[in-house]
Amino acid sequence: MAVATVSTQSGAKPKRSRSQFAQAWRRYRRNYLAVGGLIWVIIFLIAGIIGPWIAPYSYSHTDFLNVNSPPTWQHIMGTDNLGHDMYSEILWSIRFALEIAFGATLVSFVIGIVLGLWAGMKGGIVDQIIMRLVDFMGAFPTFFFDLLLVVKFGRGMGPILMAIGITGWAGYARLIRGLVLSMRKGDMVEAATALGASQMHIARRYLLPNVMNQMAVSLAFGIPNDLTVMAGLSIVGMGLRPPMPSFGNLVAQAGSMMLGFPWMMYFPAGIFALTLLSYLFMADGLSEALNPRGGD
Amino acid sequence: MAGHLFEVDNLNIEFRRSDDKVYAVNGVSFSIGEGGTLGIVGESGSGKSVTMMSCIGLIRSNGTVKAGTAKFEGHDLLKMNRKQLEHIRGLEIGVIFQDPMTSLNPLMRIGDQIMEGMIEHHYATPRDAFDRTINLLGEMGIPEPKTRFRNYPHEFSGGMRQRIMIAMALACEPKLLIADEPTTALDVTVQMQILALLKEQQEKKNMSIAMITHDFGVATNFCDKIVVLYAGQVMEVAETKEFIRRPAHPYTIGLKNSIIEVGQRDRALKPIPGMAPTLTSPPTSCSFADRCPLVTDRCRNELPVLRQVDGNHMVACHRAEEVLNHAV
């Protein structure tokens, strides 16, 4: 047969491989809103981590001499009707909000990944059952379900976290299943199967890493959503039990004092709104940056 | 040639469709000897890929193997359960696919992808697998294997990726390599390099190759035996030399005449008219009859069986002798 000599161009210096992370970061950087969002989210995270140490007062400390105080040097964000220092309350709220939002999102995410991968891989009857469950969760008034769970299991950290977590997985499962379905019959899975990979191995090493991009985006949208649900629970009086502060509690409390002491509303509501917005900008930026068709 | 490594006998495969069945493979038999290269040639939809892929258990969920055996080293692959098949795939039988652009995991370094099979199959320890991967990349003609090991698939060209696919398929030194149109998606110049590489590896390791292709030229260049499939049936089997010299089936002649060769401006191209049929009932007459220039009434009424014309040359045509003797 005609044997062509196998020659390869080795002259060009191999370009240092630019990691996908670096490429994504370059795309992300172009979006100013997303960068702003990221900065605020990072501040929020740091505040959540070190907040309890830098807070000037404990969240249960009451200053009877300065009730309903406007911002002063002593209480830089004022105090509420019991004399709680608003600045400290907010720092603690951030801590609790982060714990619950991240915990709940993690719970939903794990349930969503397992069920979504399973449904997408197996297809057939398993898929049908899981997807009907997803439809059920989607159609069910989940906030009502959250309320029921919290009433049943109490208003502590754990029950609220689990309640929000186990009602929020349907979206993740549906998304993963869709992505897996589009890959399951693809060349990559076929090639891996042909070289002897088991289904478990394919799910773990091939499907999961390849859906992670989209999942990161959906996670970034999921966290503010869980924050909102948590605040919603507080506003109807089923959130964290006072004196543990949460944004929902603070806002609900301030609502009745709005006319007399508006700053009680400004600080918690403002910071909370800014946080939600920042998460959404960040999620938006991520979805653009992680999209392989976004150019470089 | 010592013994048959891989032997397919009377394979029948059907596919369910919403309102009918498609008879994709109808009684296909062939064998590959140890160290032999078999070309499986046919048009799109002739069942060539389905035949090979169903043997290693890669059949779409709406397809079923109705009858037949596919013996690999004496064991029937079609009777194996999933675990046994997973053990054979990759370790004893390697596969290369048509499109290297979409077959690699975009998020895994190529070195890790090559190593993966060896480690998962317990073929080598991670340390040995690493050394072997570097060697393999070198053998595949990839420059600076140590650097390239750490690259991702998108940093390679199509030809390079196909080399990586080959390295993956060869990682565990399989006895049989199924190459499913390995050069179709590549440039002509790269095609030849890849074929040369495969040939070199095949000779060095005394591996058998089943080359699935629609390109008659590739098959005659690469293989020492050729099977022509049409509508899921074997039309002709012969050694390559015999094929080039004395094709005995009108379909084979049609295939040969449809090849465009450089420097043959004056030769009229004679494409085969019509399209390959999709059989929705088992064949009862010659499937090629409607497109055959030599068709007779007998062809339309009687199914030609695969019979020996001379030596190892087998043909399924009523008029094969006439074709061979240039009587028509």
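In the block above lies the structure referred to throughout.
Residues numbered from 1 in each chain as written. Chains lettered and ligands numbered in written order. Predicted model: local features only at pLDDT ≥ 70, side-chain atom pairs only at ≥ 80, totals over all residues. Heavy atoms only, no water.

A few words on the overall build of chain B. Counting its regular elements, chain B contains 13 helices and 12 strands. Against the 2.2 N^0.38 benchmark of 20 Å for 328 residues, chain B shows a C-alpha radius of gyration of 21 Å, consistent with a compact globule. By its C-alpha atoms, chain B is 65 × 50 × 40 Å across when sized along the principal axes. Buried positions account for 54% of the 328 residues belonging to chain B. Counted over contacts in chain B with a minimum sequence separation of 6, partners at least 24 positions apart contribute 63%. About 14,600 Å² of surface is accessible on chain B, with carbon and sulfur atoms providing 50% of the total. Between the mean site of the 36 positive side-chain charges and the mean site of the 39 negative ones, chain B shows a separation of 2 Å. (Helix = DSSP H or I, 4+ residues; strand = E, 2+ residues; numbered from the N terminus. Rg over C-alpha atoms; globule rule 2.2 N^0.38 Å. Buried < 20%, exposed > 50% of the residue type's maximum accessible area, 1.4 Å probe, protein only. Contact = heavy atoms within 4.5 Å. Areas by Shrake-Rupley, 256 points an atom, 1.4 Å probe, with all protein chains shown as cover. Lys, Arg positive; Asp, Glu negative; His and termini not counted. Charge placed at Lys NZ, Arg CZ, Asp CG, Glu CD.)

The subject of this paragraph is the interface of chain A and chain B. Many authors give the size of an interface as the accessible area that is lost as the parts come together. Between chain A and chain B, the residue contacts involve 30 residues of the former and 39 residues of the latter. Counting each side, the surface lost to burial between chain A and chain B is near 3,100 Å², with a carbon and sulfur contribution of 58%. Taken together, chain A and chain B are joined by zero salt bridges. Listing elements by their share of the side of chain A that touches chain B, those giving two or more residues are helix 1 (20-29), helix 8 (187-194) and helix 9 (199-235) of chain A. Of the residues that constitute the side of chain A that touches chain B, the class distribution is 13 nonpolar, 12 polar and five charged. (Buried area = accessible area lost by both parts, 1.4 Å probe. Salt bridge = Lys/Arg side-chain N within 4 Å of Asp/Glu carboxyl O. Nonpolar A, V, L, I, M, F, W, Y, C, P; charged D, E, K, R; others polar.)

Residues and elements named next belong to chain B. Pairing is antiparallel in the open sheet, where four strands are placed in the order 2-1-4-5. At either end of the open sheet lies a strand with only one pairing partner, and these are strand 2 (21-33) and strand 5 (75-76). Taken together, the 10 bridges between strand 1 (residues 4-16) and strand 2 define a ladder with antiparallel strand orientation. Residue pairing across strands places E7 opposite S31, the latter belonging to strand 2. Across the sheet, helix 1 (residues 48-55) lies against strand 1, strand 2 and strand 4 (63-72), angled at about 110° from strand 1, the strand it touches most. (Pairing = 2+ DSSP bridges. Axes fitted to C-alpha atoms, helices over the stretch in contact; angles between N-to-C directions.)

As a further point, take the pattern of salt bridges. All names here are of chain B. All told, the structure shown has 22 salt bridges over all chains when counted by the stated rule. Among the ionic pairs, D76 bridges to K79, the shortest N-O distance being 3.0 Å. Across the pair R246 and D310 runs a salt bridge, and its minimum N-O distance is 2.9 Å. Separated by 64 residues along the polypeptide, R246 in the loop between helix 10 (240-245) and helix 11 (250-257) and D310 in strand 11 (residues 307-310) bring together distant segments of the chain. Judged by its relative accessible area of 26%, R246 falls in the partly exposed class.

A separate point is the nonpolar core. Core analysis: the biggest nonpolar cluster contains 101 residues, and B:F6, B:F30, B:L77, B:I114 and B:I178 have the highest contact counts within it. If we ignore the near neighbours within four places in the chain, the residues touching B:I178 are B:M52, B:M53, B:I56, B:I93, B:G94, B:V95, B:I96, B:A210 and B:I212. A:L149, A:L250, A:W263 and A:M265 belong to the second largest nonpolar core, which has 50 residues in total. (Core = buried A, V, L, I, M, F, W, Y, C linked by side-chain atoms within 4.5 Å.)

What follows covers a nonpolar patch on the surface. All names here are of chain A. The grouping of I42, I46, I49, I50, W53 and I54 at the surface amounts to a nonpolar patch, some 620 Å² of accessible area in total. Tracing the chain through its elements places I49 in helix 2 (residues 32-54). Relative accessible area serves as the criterion here: at 52%, I49 is assigned to the exposed category. (Patch = residues over 30% accessible without salt bridge, like charges linked within 9 Å, V, L, I, M, F, W, Y side chains within 5 Å.)

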